[in-house]
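Per-entry structural report
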Amino acid sequence: MKAIGIKHLATSLQTLGITPKQNILWNLAPEALTQEALSRGQAELTDQGVLSIQTGEFTGRSPKDRFIVKDAQTAYTVDWGEINQPFEEGAADRLYQKVAHYLEDRDLFVQDVYACADQDYRLNIRLIAEKAWSCQFATNMFRTLAEEEYASFQPEWNILCAPGFMADPEVDGTRQHNFAIINFSKKYIIIGGTGYTGEIKKGIFSVLNHQLPLNSQVLPMHCSSNVGEEGDVAVFFGLSGTGKTTLSADPYRKLIGDDEHGWSSKGVFNFEGGCYAKCIGLTDEEQPSIYRAIRPGAILENIGYQPDSKTPDYNNQEITENTRVSYPINHISNLYPNQAAGHPNRIFFLTCDAFGVLPPVSKLTPEQAMYYFLSGYTAKVAGTEAGITEPRATFSTCFGAPFLPLSPVYYSEMLGEKIQEHQAEVWLINTGWIGGGYGVGKRISLTYTKAILSAIFSGRLDNVSFETDSVFGLHIPTSCPLVPTEVLNPRQSWADPIAYDRQALMLADKFSENIRQFVADIQAAVLEAGPKVVVV
């Protein structure tokens, strides 16, 4: 524990409505948090000495149980709807008090951290938790304080995390026993009934997505980012399973961060201090940076083991397909210093198109960039979620809809302005299927995708000719080093071009149906940049 008086610790918690009756374990080092988790039976060690936890009933976020308190501050700023569900102010405060009383009867783990590598936008955070591994997750995923900062640390936001507390929906106003509630006016987040650590991380991301655009004109981005040897900056937008973490962990480029960034008047900066990567199918050959980052200090979530051992089996889906690892960003060897750099030179939108329609690479105009950013398209395939037996188009606006409190059009217009101001190139990269949809074609080779990115970074696509897709209007290079020509144009990779045309029109119609929700708010040029299907 850091050198702070016990009386000060208790007083600090009392200001939050928590009167501790048990032990307070304040700002323990990761090694000590690991030992606490083990000694309390909250976790176990793999044979490599990595903490392994199970998050219980919930192995992923529960979007239908995430709420924002509706009050004078948020009533007219938040984009209310299925994603940003309103919660009554008084009910939130009453539930907060219940969670606080629940926590004060237990040993408490308290961790002081902050978000944002750029100190101009720093957000101080205090996490009060009943699980040691929740605090270790915080030390991994957020940024840790210098030793001299602890004594005078003042949190701007407080998170109460109580996986063992179950709400009573009829009394508390929740949908079911689990919940994650954000109060922007009183600057607290309460999490109960779920042990999934991603609720902590994404709660703060939602906070930054609200505060930074309104207060500082900083664009928050659900993206990874890296820097080349010449100082060129790239950002990668993409939903889960599209390759965002994998492709940004490039051994020839230095990593700024793998998931959450801001784009300010100075450039790009990482919000976090760690990485939270999917583990399913993880191998040293294809994802060496992530694989080698799994060492003591990391936390594995909901993984299975090889038979009769404590050796992780990264292909095991018995608990969940959403197996995860969190680790401090300094576990990555080619880390960019301070995780803050200049303005992006190139922006990549990653999609996993399971219909086999979109090309592996295409260059976007600024208007197309805003259209595809608003769309946030990918596709889910059989086995990724219960009930999915065939490809399903998924649209998550701005590649991060569950975490966006403001209108998606607001973020899209900010991106468009920054692209124009800094003359950033924008590329659409499909890491999904070619030669047919899921079950017929095959997944685009990671080797080809890496070759495409290498050609873009080296400028080898600057002088090649491009052809324009007749349905989507995408500009497709006719050649790329180390990538077969028939791979570049998806129609040419299908055995039956007429079947491709039908599939392309079907997907284009889905894009058009999705964009209708924004027709009244977006510029005509952006709407016209979409697929050539009439929007009614």
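In case you missed it, the structure is sitting above this.
Below: a short report on this structure. (Residues numbered from 1 in each chain as written. Predicted model: local features only at pLDDT ≥ 70, side-chain atom pairs only at ≥ 80, totals over all residues. Heavy atoms only, no water.)

A few points about the packing of helix α9 (residues 366-375) against helix α14 (residues 497-515)
With their axes 10 Å apart at the nearest point, α9 and α14 run at an angle of 80° to one another. With respect to each other, α9 and α14 are oriented roughly perpendicular. Here α9 contributes Tyr-371, Tyr-372, Leu-374 and Ser-375 to the contact with α14, which in turn contributes Phe-511, Ser-512, Asn-514 and Ile-515. Tallied by class, the residues present in the contact of α9 with α14 amount to five nonpolar, three polar and no charged. (Axes fitted to C-alpha atoms, helices over the stretch in contact; angles between N-to-C directions. Helix = DSSP H or I, 4+ residues; strand = E, 2+ residues; numbered from the N terminus. Parallel < 35°, antiparallel > 145°, perpendicular 65-115°, else oblique. Contact = heavy atoms within 4.5 Å. Nonpolar A, V, L, I, M, F, W, Y, C, P; charged D, E, K, R; others polar.)

Focus: the packing of helix α2 (residues 30-39) against helix α4 (residues 132-141)
Angle between the axes and distance between the axes are the two parameters that describe a pair of packed helices. One way to put it is that α2 packs onto α4 with a least axis distance of 8 Å and a crossing angle of 155°. Judged on the interaxial angle alone, α4 and α2 are roughly antiparallel. α2 and α4 meet at a crossing whose hand is left-handed. Facing α2, whose interface residues are Pro-30, Leu-33, Thr-34, Glu-36 and Ala-37, α4 presents Ala-132, Trp-133, Cys-135, Gln-136 and Thr-139. Classifying every residue of the contact of α2 with α4 gives six nonpolar, three polar and one charged. (Left-handed = near helix turned anticlockwise from the far one by under 90°.)

Description of the side chain of Asn-209
Mapped onto the fold, Asn-209 is located in helix α6 (residues 198-216). A polar atom in the side chain of Asn-209 sits 2.8 Å from the backbone oxygen of Phe-403. The residues touching Asn-209, leaving out its near neighbours within four places in the chain, are Pro-220, Phe-403, Leu-404, Pro-405, Leu-406 and Tyr-411. (Polar contact = N/O pair within 3.5 Å; in protein donor to acceptor, adjacent residues only side chain to side chain.)

Here's the deal with the packing of aromatic side chains
Counted according to the given criterion, the structure contains 31 aromatic pairs. Where Phe-349 meets Phe-373, the ring centres are 6.0 Å apart and the plane angle is 25°; that geometry is what we call stacked. One end of the pair, Phe-349, is in strand β22 (residues 346-351); the other, Phe-373, is in helix α9, with 24 residues separating them in the sequence. With respect to burial, Phe-349 and Phe-373 carry one shared label: buried. Geometrically, the ring pair formed by Tyr-377 and Phe-395 is tilted, given 5.4 Å between the ring centres and 40° between the ring planes. Taken as a pair, Tyr-377 in strand β24 (residues 377-380) and Phe-395 in strand β25 (residues 392-395) lie far apart in primary sequence, 18 residues in all. The partly exposed category is assigned to Phe-395, whose relative accessible area is 23%. Here a set of aromatic residues connected by ring pairs shows up, and it is made of Tyr-371, Tyr-372, Tyr-377, Phe-395, Phe-472 and Phe-511. (Phe/Tyr/Trp six-rings, centres within 6.5 Å; stacked < 30°, edge-to-face > 60°. Buried < 20%, exposed > 50% of the residue type's maximum accessible area, 1.4 Å probe, protein only.)

So, the sheet that holds strand β18 (residues 299-301)
Strand order in the open sheet made by the five strands is β2-β3-β18-β21-β17, with mixed pairing throughout. The two strands at the open ends of the sheet, each matched to only one other strand, are β2 (44-45) and β17 (274-278). In the sheet, β2 pairs with strand β3 (residues 51-53) via two bridges, with the strands oriented antiparallel. By the bridge assignment for β3, Glu-44 is matched with Ser-52. (Pairing = 2+ DSSP bridges.)

What to know about α9
Helical periodicity: at 3.6 residues per turn, an α-helix aligns residues three or four positions apart in one direction. For α9, the buried fraction is high: eight of the ten residues fall into the buried class. Considered for burial, the residues of α9 that qualify are Gln-368, Ala-369, Met-370, Tyr-371, Tyr-372, Phe-373, Leu-374 and Ser-375. Of the residues flanking the end of α9, it is Gly-376, one or two places downstream, whose phi is positive at about 55°.

Side note on the side chain of Gln-287
Summarising the element assignment, Gln-287 is placed in the loop between β17 and α8 (288-293). Look at Gln-287 and you get buried, because its relative accessible area is 16%. In this structure the side chain of Gln-287 is engaged in a polar contact, spanning 2.4 Å, whose partner is the side chain of Thr-246.

Describing the environment of Asp-353
Here Asp-353 shows up in the loop between β22 and β23 (361-364). Expressed as a C-alpha distance, the spacing of Asp-353 and Asp-105, which sit 248 residues apart in the sequence, is 50 Å. Contacts of Asp-353, omitting those with residues within four sequence positions, involve Leu-358, Tyr-377, Asn-430, Gly-432, Trp-433 and Leu-507. Only 3.1 Å separates the side chain of Asp-353 from the backbone nitrogen of Phe-355, close enough to count as a polar contact. At a separation of 2.8 Å, a polar atom in the side chain of Asp-353 contacts the main-chain amide nitrogen of Leu-358.

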